[in-house]
Amino acid sequence: MLELIVARVIALLHERENKTYTANMSELSAGLTKTVYLHHAQLSLLLPDLAFIQSLAAYDSGNPAVATLLEAWAYGVRLRLMVHRQLLTALPLRELCRLPVSVVDHLEIPVHMAAGGSISYANVVLFHDCWLLIERETFITPLARDVMENQNIKLIRRE
């Protein structure tokens, strides 16, 4: 009997791991039911505005949408932000790098973020066909530039 229960729990966890719940800002502001957290391992947020992203980076729990995300993180739900490409240069880079989020642009192209003072080969060797968002003053080594060119990594310097 115990083996059946354990097998069922494992099956439910595997099923949860492969499910993504897609939400927009109004749904997130209204709050999500606990069943979303229990049945989905990832939350995909479609085209949030810059004000929301800044509130998220500041952990502003007074914002209802941010409070919902903080609750989702407490349940172990990963966050995927789909951000319009025009907003990428305005993102709070250092703050977002500390959060458990992945970012894609509105065409589903991955956006990797690097908040350090330099980019080396090791930072970019595993990236392919993506954006790399960095600070304006970040130094890029020549080898990293070669890798970026060969692997179609497009550079975006933050304003």
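Check the entry above for the structure.
These notes cover the structure that comes with them.

Quick look at the pattern of salt bridges now. For the structure shown, the criterion picks out six salt bridges. Residues Glu 108 and Arg 80 are paired through a salt bridge, measuring 2.2 Å at the closest nitrogen-oxygen approach. Remark: Arg 80 occurs in strand E3 (residues 78-83) and Glu 108 occurs in the loop between strand E4 (101-105) and strand E5 (110-114); sequence separation between them is 28 residues. The partner of Arg 94 in a salt bridge is Glu 135, and the shortest N-O contact between them spans 4.0 Å. Residue Arg 94 is found in helix H6 (residues 93-97), and its partner Glu 135 is found in the loop between strand E7 (130-134) and strand E8 (139-140); the two are separated by 41 residues along the sequence. Relative accessible area serves as the criterion here: at 43%, Arg 94 is assigned to the partly exposed category. Assessed through its relative accessible area of 9%, Glu 135 is described here as buried.

Let's shift gears to helix H8 (residues 142-150). Taken together, the buried positions of H8 are occupied by Ala 144, Val 147 and Met 148. One side of H8 carries all its buried residues, which in axial view fall inside an arc of 100°. Turned more than 90 degrees from where H8 packs its buried face, Pro 142, Glu 149 and Asn 150 sit exposed. Buried residues in H8 make contact with strand E6 (118-119), helix H7 (121-124), E7, E8 and strand E9 (153-157). Immediately beyond the C-terminal end of H8, within one or two residues, lies Asn 152, with a positive phi of roughly 55°.

So, about the nonpolar core. In this structure, Leu 28, Leu 43, Phe 52, Leu 56 and Leu 79 are the most contacted members of the largest nonpolar core, which totals 31 residues. Among the secondary structure elements, those contributing two or more residues to this core are helix H3 (34-39), strand E2 (42-46), helix H4 (50-57), helix H5 (64-74), E3, H6, E4 and E7. The element contributing the most residues to this core is H5, with five residues. Setting aside chain neighbours within four positions, we find Leu 43 in contact with Tyr 21, Ala 23, Leu 28, Leu 32, Leu 69, Val 77, Arg 78, Leu 79 and Arg 80. Of all hydrophobic cores here, the second largest spans 12 residues; its members include Leu 132, Ile 134, Ile 140 and Ile 153.

Our focus in this paragraph is the side chain of Gln 151. Mapped onto the elements, Gln 151 comes out in the loop between H8 and E9. Non-local contacts of Gln 151, meaning those with residues more than four positions away in its chain, are made with Val 124, Val 125, Phe 127, His 128 and Asp 129.

The rules behind the values
Residues numbered from 1 in each chain as written. Predicted model: local features only at pLDDT ≥ 70, side-chain atom pairs only at ≥ 80, totals over all residues. Heavy atoms only, no water. Salt bridge = Lys/Arg side-chain N within 4 Å of Asp/Glu carboxyl O. Helix = DSSP H or I, 4+ residues; strand = E, 2+ residues; numbered from the N terminus. Buried < 20%, exposed > 50% of the residue type's maximum accessible area, 1.4 Å probe, protein only. Arc of directions from axis to C-beta. Contact = heavy atoms within 4.5 Å. Core = buried A, V, L, I, M, F, W, Y, C linked by side-chain atoms within 4.5 Å.

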